[in-house]
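# Chains, contacts and geometry: an overview
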Amino acid sequence: MSDRHEHGQDRKPGHRHSHSHEQPQGNPHEHPGASPRHHGRLLPGHRLRHLLTPHSHETAEKLDSALESSARGLRALWVSLAVLGATALAQAAVVAVSGSVALLGDTVHNTADALTAVPLGIAFVLGRRAATRRFTYGYGRAEDLAGIVIVLTIAASAAFAGWTAVDRLLDPRPMNHAPVVAVAALVGFAGNEWVARYRIRVGRAIGSAALVADGLHARTDGFTSLAVLLGAGGAALGWQLADPIVGLAITTAIVLVLRDAAREVFRRLMDAVDPALVDRAEQALRQVPGVRGVGELRLRWIGHRLRAEVAVVVDGGATVREAHRIAVDAEHTLLHAVPRLTAALVHADPEPAPGEHDPHLLLAHHAAA
């Protein structure tokens, strides 16, 4: 005997639970995307909007939490886009009058960093769409695709900055207005560090690896902006090669952040999770009354939300209803124990009696294939 139970969009009508890990439970009117309700029904004036707005059959509270996560991500992107855009424009004006190749590389990188908000913003918008019969897990993976675009953008900016620096090494030219270049470098550092802190904080809060990678990208840009100060100082002392040498140092820094961002995105694409989350889930399940053991446990990210699949061992003499109750309790425990977990599929296996054959023996040849 076994029982499978899942919390999420496939729950049958009338079987609803409210769990939210990013927002406290409360009035749905307080969250973006919530629809005014009266005793569980949409008010007449909002039915049309409900039909035209992307939605799923998850609980209202969980949907509100997911929409709020996307809204926070979008807000972080557009605010950082404005800050980095203003920073890049100010630096570009200084590049035009100074001819600094180090500042040019920093400006190009800041511009590229600002533009990465576009694919990531599209991904957040797509992630709000409900699952379909073709995309049964929804569109959360769009964030991983956006992460690939971000990595490619970082790689392109590194190639351009390196090429420009090498060209200036081979054909040295004086840099003008060194003090103005130094000021522009400080402006670049301030803008990037602010954006980095903001993106990383929001990305970790909503579980978006792509947004965290983008924040790390901005942080490296800040330090490369400080490196431009060295080029300006060398130029002020009459050393023409200081500027292109700093430009090469900036390229190296970009390559390092490229490595970190690529590793983060690759792990997400390969369904990697923090092993501590797996340990936390197993420990929580073992505390559930009626669970006699924890079998296979899998966690995966879909966008910035987690999904779990787990097999638990229950009393072999339990009825279907008893096994189902244990599965529901196990699911409920997981949803509270694991941050950003929004769906769990729990399979109840009967504890084998002495001499009894493995109930999964029929499937053994499929597992070996």
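Refer to the structure above for everything that follows.
Structural notes, computed from the coordinates. (Residues numbered from 1 in each chain as written. Predicted model: local features only at pLDDT ≥ 70, side-chain atom pairs only at ≥ 80, totals over all residues. Heavy atoms only, no water.)

### Details of the overall build of the protein
When its secondary structure is counted, the protein shows eleven helices and six strands. When burial is assessed residue by residue, the protein has 47% of its 369 residues classed as buried. Relative to all contacts within the protein whose residues are 6 or more apart in sequence, the contacts with residues 24 or more apart total 75%. Approximately 18,600 Å² of the protein is accessible, and the part contributed by carbon and sulfur atoms is 61%. (Helix = DSSP H or I, 4+ residues; strand = E, 2+ residues; numbered from the N terminus. Buried < 20%, exposed > 50% of the residue type's maximum accessible area, 1.4 Å probe, protein only. Contact = heavy atoms within 4.5 Å. Areas by Shrake-Rupley, 256 points an atom, 1.4 Å probe, with all protein chains shown as cover.)

### Thoughts on the pairing of strand E4 (residues 293-302)
Alignment of E4 against strand E5 (residues 305-314), held across eight bridges, turns out to be antiparallel. Across the sheet, Leu297 pairs through a bridge with Val310, a residue of E5. Connecting E4 to the next strand, E5, in antiparallel fashion are two residues, including Gly303 with a positive phi near 70°. (Pairing = 2+ DSSP bridges.)

### Some points on helix H4 (residues 117-127)
For H4, the set of buried residues is Ala117, Leu120, Gly121, Ala123, Phe124 and Gly127. Mapping the buried residues of H4 onto a view down its axis gives an arc of 160°, with all of them on the same face. (Arc of directions from axis to C-beta.)

### Brief notes about the environment of Ala142
With respect to the helices and strands, Ala142 occurs in helix H5 (residues 142-170). A relative accessible area of 13% means that Ala142 is categorised as buried. Setting aside anything within four residues of it in sequence, one finds Ala142 in contact with Ala123 and Leu126.

### What about the pattern of salt bridges?
Following the criterion strictly, the structure yields ten salt bridges and no others. Between Arg141 and Asp271 there is a salt bridge whose closest N-O contact spans 2.4 Å. With Arg141 in the loop between H4 and H5 and Asp271 in the loop between helix H8 (242-269) and helix H9 (275-286), this pair connects stretches of sequence that are 130 residues apart. Each of Arg141, Asp144, Asp271 and Arg300 takes part in salt bridges that share partners, so that together they form one network. (Salt bridge = Lys/Arg side-chain N within 4 Å of Asp/Glu carboxyl O.)

### Overview of helix H6 (residues 178-206)
Look at H6: 42 Å from first C-alpha to last across 29 residues, which is about the 42 Å you get at 1.5 Å a residue. Two residues or fewer after H6 comes Gly207, characterised by a positive phi angle close to 75°. (Expected span 1.5 Å × (residues − 1).)

### With respect to the packing of helix H3 (residues 101-115) against H6
As a packed pair, H3 and H6 sit with axes 11 Å apart at the nearest point and diverge in direction by 25°. One element, H3, and the other, H6, form an angle in the roughly parallel class. Between H3 and H6 lies a crossing of left-handed hand. Touching Leu103, Asn110 and Asp113 of H3 are Val181, Ala184, Asn192 and Arg199, all from H6. The residue makeup of the contact of H3 with H6, split by class, is three nonpolar, two polar and two charged. (Axes fitted to C-alpha atoms, helices over the stretch in contact; angles between N-to-C directions. Parallel < 35°, antiparallel > 145°, perpendicular 65-115°, else oblique. Left-handed = near helix turned anticlockwise from the far one by under 90°. Nonpolar A, V, L, I, M, F, W, Y, C, P; charged D, E, K, R; others polar.)

### Section: the packing of aromatic side chains
Counted under the stated rule, the structure contains two aromatic pairs. The interplanar angle of 40° and the centroid separation of 4.9 Å between the aromatic rings of Phe135 and Tyr139 together place this pair among those described as tilted. In this arrangement the basic side chain of Arg129 is found over the ring face of Tyr139, its NZ or CZ atom lying 4.7 Å from the centre. (Phe/Tyr/Trp six-rings, centres within 6.5 Å; stacked < 30°, edge-to-face > 60°. Lys NZ or Arg CZ within 6 Å of the ring centre and 35° of its normal.)

### Section: the nonpolar core
In this structure, Leu103, Leu120, Phe124, Ile154, Leu211, Val228 and Ile250 are the most contacted members of the largest nonpolar core, which totals 37 residues. Contributing elements (two or more residues each) for this core: helix H2 (60-98), H3, H4, H5, H6, helix H7 (209-236) and H8. If we ignore the near neighbours within four places in the chain, the residues touching Ile250 are Ala102, Thr224, Ala227 and Val228. (Core = buried A, V, L, I, M, F, W, Y, C linked by side-chain atoms within 4.5 Å.)

### A few points about the pairing of E5
Burial of E5 is extensive: eight of the ten residues sit out of reach of the surface. Bridge count between E5 and strand E6 (residues 341-350): nine bridges; the pairing is parallel. Residue pairing in the sheet places Val310 in a bridge with Val346 of E6. Remark: the E5/helix H10 (residues 320-337)/E6 crossover connection has right-handed handedness. (Right-handed = clockwise from strand over helix to strand, strands pointing away.)

### Some remarks on unusual backbone geometry
Residues other than glycine predominantly adopt negative phi, and peptide bonds predominantly adopt the trans conformation. Even without being a glycine, Asp271 presents a positive backbone phi close to 65°. Given a relative accessible area of 26%, Asp271 falls into the partly exposed group.

### Focus: the environment of Val228
Residue placement: Val228 occurs in helix H7. Residue Val228 is classed as buried on the basis of its relative accessible area of 1%. Here the alpha-carbon distance between Val228 and Leu103, two residues 125 residues apart in the chain, equals 6.1 Å. The residues contacting Val228, other than those within four sequence positions of it, are Ala102, Leu103, Asp106, Val181, Ala185, Val246 and Ile250.

### Considering a nonpolar patch on the surface
On the surface, a cluster of nonpolar side chains totalling about 610 Å² of accessible area is made up of Leu145, Ile148, Leu152, Phe266, Leu269 and Met270. Secondary structure elements with two or more residues in the nonpolar patch: H5 and H8. Here the nonpolar patch takes three residues from H5, the largest share from any one element. Among the structural elements, Met270 can be located in the loop between H8 and H9. (Patch = residues over 30% accessible without salt bridge, like charges linked within 9 Å, V, L, I, M, F, W, Y side chains within 5 Å.)

### Here's the deal with the packing of H3 against H8
Between H3 and H8, the shortest axis-to-axis distance is 7 Å and the interhelical angle comes to 25°. Between H3 and H8, the angle falls in the class roughly parallel. Note on element contacts: H8 touches H3 through Asp243, Pro244, Val246, Gly247, Ile250 and Ile254, opposite Val101, Ala102 and His109. Residues of the contact of H3 with H8, tallied by class, amount to six nonpolar, two polar and one charged.

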